[in-house]
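The chain contents come next:
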Amino acid sequence: MKFVDEYRDPAAARQILSHITDLAKDGHYKFMEVCGGHTHTIYKHGIENVLPETVELVHGPGCPVCVIPMGRVDDAIAVAETPGVIFTSFGDMMRVPGGNGNLLEAKARGADVRMVYSPLDALRIAMANPDKKVVFFAVGFETTAPSTAVTVMKAMQKGVTNFSLFCNHVTIVPPLKAILDSPDLRLNGFLGPGHVSTVIGNRPYRFVPQQYGLPLVTAGFEPLDILQAILMLLRQIDEGRCEVENQYTRAVPEHGNPKALEILAEVFELRPHFEWRGLGFISQSALKLREKYAAWDAELLYEVPGVRVADPKACQCGEVLKGVIKPWECKVFGTACTPETPIGTCMVSSEGACAAYYNYGRFTKHQTVPVELGRTPQPV
Amino acid sequence: MTGPGDDGSRQDYAHEDEVLERIEAWRRRRPKLKDEFINSAHGAGGKASAALIDAVFLEAFRNKSLETMADGAVLELPGGDRVAFSTDGYVVKPRRFPGGSVGDLAVNGTVNDLAMMGAVPQWLSASFIIEDGFSITELRDLVADMAAAARKAGVQIVTGDTKVVNKGACDGVYITTAGVGVIPAGIRLDAKSVRPGDKVLVSGKIGDHGVAVLIARGDLALEADIPTDSAPLGELVEHLLAAAPNTRFLRDPTRGGVATVLNELAREAEVAVVMQESALPIRNIVNGACEILGIDPLYVANEGKLVAVVPAEEVDAALAALQAHPFGVDAAVIGEIRDDPPGIVILNTIFGGNRIVDMLVGDPLPRIC
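Residues numbered from 1 in each chain as written. Chains lettered and ligands numbered in written order. Predicted model: local features only at pLDDT ≥ 70, side-chain atom pairs only at ≥ 80, totals over all residues.

A. Expanded view of the overall build of chain B. Within chain B one finds ten helices and 14 strands. Expressed as a percentage of the 369 residues in chain B, the buried residues total 46%. A separation threshold of at least 6 residues defines the contact pool for chain B, and within that pool the share at least 24 residues apart is 81%. (Helix = DSSP H or I, 4+ residues; strand = E, 2+ residues; numbered from the N terminus. Buried ≥ 20, exposed ≤ 12 C-beta atoms within 10 Å, placed from the backbone. Contact = placed C-beta atoms within 7 Å.)

B. Quick peek at the overall build of chain A. Each helix and strand in chain A was counted, giving 14 helices and 13 strands. Scaling as 2.2 N^0.38, a compact globule of 380 residues should have a C-alpha radius of gyration of about 21 Å, and chain A matches this with 21 Å. With the principal axes as the frame, chain A shows a C-alpha extent of 65 × 50 × 45 Å. Looking at the 380 residues of chain A, the share that counts as buried comes to 56%. (Rg over C-alpha atoms; globule rule 2.2 N^0.38 Å.)

C. The arrangement of the sheet that holds strand E2 (residues 55-62) of chain A in detail. Residue and element names in this part refer to chain A. Sheet architecture is open: five strands sit in the order E2-E1-E7-E8-E9, paired in parallel fashion. The open sheet has two edge strands with one neighbour each: E2 and strand E9 (244-246). Taken over all neighbouring pairs, the strand axes of this sheet differ in orientation by 25° on average, direction set aside. When strand E1 (residues 29-35) meets strand E7 (residues 189-192), the two strands line up parallel, connected through three bridges. Bridging across to E7, Met-32 finds its partner in Phe-190. The sheet strands contacting helix H2 (residues 36-44) are E1, E2 and E7, and the helix crosses E1 at an angle near 120°. (Pairing = 2+ DSSP bridges. Axes fitted to C-alpha atoms, helices over the stretch in contact; angles between N-to-C directions.)

D. Looking closely at the domain arrangement of chain A. All names here are of chain A. According to the domain assignment, chain A consists of domain 1 (5-60 + 184-246), domain 2 (70-172 + 256-301) and domain 3 (317-358). Between domain 1 and domain 3, the contact holds twelve residues from the first and eleven residues from the second. Mapped onto the side of domain 1 that touches domain 3, the elements with two or more residues apiece are H2 and E2. The biggest single contributor to the side of domain 1 that touches domain 3 is H2, with five residues. Of the residues in the side of domain 1 that touches domain 3, the class split is five nonpolar, six polar and one charged. (Domains from an automatic or database assignment. Nonpolar A, V, L, I, M, F, W, Y, C, P; charged D, E, K, R; others polar.)

E. Geometry of helix H9 (residues 284-293) of chain B. Residues and elements named next belong to chain B. Listed as buried for H9 are Val-286, Ala-289 and Cys-290. On an axial view of H9, the arc spanned by its buried residues comes to 100°, and they lie on one face. Relative to its buried face, H9 has exposed residues pointing more than 90 degrees away, namely Asn-284 and Ile-292. Gly-294 sits one or two residues past H9 and shows a positive phi near 70°. (Arc of directions from axis to C-beta.)

F. Examining the pairing of strand E13 (residues 345-348) of chain B more closely. All names here are of chain B. Residues Val-345 and Leu-347 point to one face of E13 and Ile-346 and Asn-348 to the other, with burial holding for every one of them. Pairing between strand E10 (residues 272-276) and E13: four bridges, direction parallel. Bridged to Val-273 within E13 is Val-345. In terms of strand pairing, E13 meets strand E14 (residues 354-356) through three bridges, oriented antiparallel.

G. The arrangement of the pairing of strand E12 (residues 280-283) of chain A in detail. All names here are of chain A. Direction of pairing for strand E11 (residues 273-276) relative to E12: antiparallel, over a ladder of four bridges. Paired with His-273 across the bridge in E12 is Ser-283. Connecting the antiparallel pair E11 and E12 is a turn made up of three residues, with Gly-278 showing a positive phi of about 80°.

H. Expanded view of helix H4 (residues 102-115) of chain B. With 14 residues, H4(B) should reach 20 Å at 1.5 Å per residue; the first-to-last C-alpha distance of 20 Å fits that figure. Across the 14 residues that make up H4(B), a large majority, 14, are buried. (Expected span 1.5 Å × (residues − 1).)

I. Up close: the domain arrangement of chain B. Residues and elements named next belong to chain B. Here the domain parsing of chain B yields domain 1 (70-183) and domain 2 (191-356). Taking the mean C-alpha position of each, domain 1 and domain 2 sit 23 Å from one another. Taken residue by residue, the interface counts 22 residues in domain 1 and 21 residues in domain 2. When residues of the side of domain 1 that touches domain 2 are traced back to their parent elements, those giving at least two are H4, strand E5 (120-131) and helix H5 (136-153). Looking at the side of domain 1 that touches domain 2, the element that brings in the most residues is H4, giving eight residues. Residue composition of the side of domain 1 that touches domain 2, grouped by class: twelve nonpolar, seven polar and three charged.

J. Here's a closer look at the nonpolar core. By size, the foremost hydrophobic cluster in this structure holds 218 residues, and its most contacted members are Leu201(B) and Val273(B). Ranked by the residues each element gives to this core, the list is headed by helix H10 (residues 223-238) of chain A, at ten residues. (Core = buried A, V, L, I, M, F, W, Y, C linked by C-beta atoms within 7 Å.)

K. How the structure looks around unusual backbone geometry. Residue and element names in this part refer to chain B. Across the junction of Lys-93 and Pro-94, the peptide omega takes the value 0°, indicating a cis bond. By the element assignment, Pro-94 lies in the loop between strand E2 (82-90) and strand E3 (96-97). The omega torsion across Asp-340 and Pro-341 is -5°, close enough to zero to call that bond cis. Among the structural elements, Pro-341 can be located in the loop between strand E12 (332-338) and E13. Of note, Glu-270 is a non-glycine position whose phi angle comes to about 50°, a positive value. Exposure remark for Glu-270: the 12 C-beta atoms within 10 Å place this residue in the exposed category.

L. Spatial organisation of the packing of helix H6 (residues 208-216) of chain B against H9(B). Residue and element names in this part refer to chain B. Following both chains from N to C, one finds H6 and H9 inclined at 60°, their axes separated by 10 Å at the closest point. Here H6 is positioned oblique relative to H9, judged by the angle of their axes. Where H6 crosses over H9, the handedness of that crossing is left-handed. Here Asp-208, Val-211 and Ile-215 of H6 come into contact with H9, specifically with Val-286, Ala-289 and Cys-290. In the contact of H6 with H9, the residues fall into five nonpolar, no polar and one charged. (Parallel < 35°, antiparallel > 145°, perpendicular 65-115°, else oblique. Left-handed = near helix turned anticlockwise from the far one by under 90°.)

M. Inspection of the confidence of the model for chain A at higher detail. Chain-level statistics for chain A give a pLDDT mean of 88 and a share of 93% at 70 or above. pLDDT under 50 marks residues 375-380 of chain A. Its contacts with residues more than four places away, or in other chains, come to nine contacts. (pLDDT = per-residue confidence, 0-100.)

N. Broad picture of the environment of Thr161(A). In this fold, Thr161(A) is placed in the loop between helix H6 (145-157) and strand E6 (163-169). Residues Thr161(A) and Ala295(A) lie 134 residues apart in sequence; the distance between their C-alpha atoms is 7.6 Å.

O. The arrangement of the confidence of the model for chain B in detail. All names here are of chain B. On average, chain B scores 86 in pLDDT, and the residues at 70 or more come to 90%. Note on residues 1-11: pLDDT under 50 across the span, and 18 contacts to partners over four residues away in sequence or across chains. The ipTM, which scores confidence in the relative placement of chains, is 0.73 for this predicted complex, and the corresponding pTM is 0.79.

Right, dumping it as structure tokens:
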């Protein structure tokens, strides 16, 4: 596949790996990949078992599904079960458990819950069903927020009044700070989130080296991207540098995407505080619609319980998200908490650290023995 | 703190093994039905489906044939001949997509279930549940597709039923077919006969049908020219069994895809299946569409493809036989059977790593980003 296979070339990988092994031979390095997309790539391609044992990856908080607290899911279900509402959501949000089941179960009970691939699809559903009220469950970091913002602007332009937004957009920098302030944390550097950075650029991360003395390399999402970013982190440490570097130059401009940032600022403002699953309340860490767009704000239009629901006691999602424990060190991992019956959100999305580890990585130490395929002509 | 870390994560490995063992023990338990209401996961062919079948249907109907949980039953007639018997419902939306319709599927799906038991498909029944107000022209077209598919597969549709339900009680038309085929003497296909060292083959490109239907639904705003691969496999199976008479196991990787078939095999035969990512035949365009959607082509439905397990000494003959047939030109050996770890499917990645390919939990839900 063009523009993909180049970033999965095993020969190039071996070369980078030999440099990594060389630089990491005297010590033990723990790097956190901030973004759930990275976690997914790491497990999907078996990257953990090609890395030397001296390089350890810790899975961070950047899975937009994983950080939504239970109370917000309950609010979403309450909106979805309001008569006359068509509730639209991204697919992987539908299995996230609240205090009272998930959206798929609400759908089975009779709520009109539909999966969409973009907020614009939700707006189209609203225009096609003028007698219904359509609500979009907006989740995601700065990556998905601009497309939500554009949708709301369109709804205003076209005068679509039966469309609204249940906004749960969050921003990446505050949780990073929260993690860095956590006293039980031991890290040697960060793989910065590639997709978010296409919007916000690299400058917002400067506080990581400046205030916390840790290097950060913004990385792409193919296996070679991740290996190269790890190598760049090791080189910084080896050369005594500590700065923000950009591995994902083919997509991330230094200053981000000014147009997208402008749209974000037009539609959204910061909430005073927002609850993060496992991390608790973090101030100024989430977005809400500005006053000007209040007519499209589902939180103002619908009765929701708005109650904070405590995470289940057994669940250690918070420690997993902070990288304090590995997924398998959680007491309920793989037994009471599995992808079929997730207790914590890290087990729901395939980007969640627990689900990725459960689905792909349980045998990472299992030795890879190539399969003898006989005289098969290899398919091209 | 940019120096080397100082925690001894190495000694964690023993603990990690313990955890893995605990999980494996947990996984080996039969899936339990806890839900109070049916949801879409119960129909997706993964763990939830298995739990539903186990707790509701098997519990009520229990008998030896049903307990094999295959796509059809193998029944012995008083004279000693064996027949295969299978049924399936077809509710795909949209009803027409590039390269086919729900009509072809209704015939080919059941014909293929019979072929996977080593049977020569012969007779089909067809039952139609039709929504009030459905276009007779469209019905005629779908039925014409069924007739053409039956001719191509060499089967006759010998009995049927029609019901009309109120508007809104079904979505257009639902078709259910059942089929019977005779199993030639000497053919024994059984997952339990699979042995370490056996090879796993697939008869063509993976994922075409599922991606064709997804794109034809139109809600992805993707445009790509992927026709479905719907085809009757009776003849392909005959050629394969002639060339590799000791073939152990055949299954058509429809709903749930190749990954689901191999997981069922691994569990039933208590073996490990190891696949080589570099050997998987997948069209670039299917790979691309899956990449965009965040789904894995290994779980995408196929029609007109089969997965075969043959002993190593017959693999070359089996591959040659598949590739010589028009429905098997892209056939490939994709992996082999190992003894350890039992019940698990592993993929050796192009990258030199490996990962587990697990049973699907529910419908594959596209990722956000």
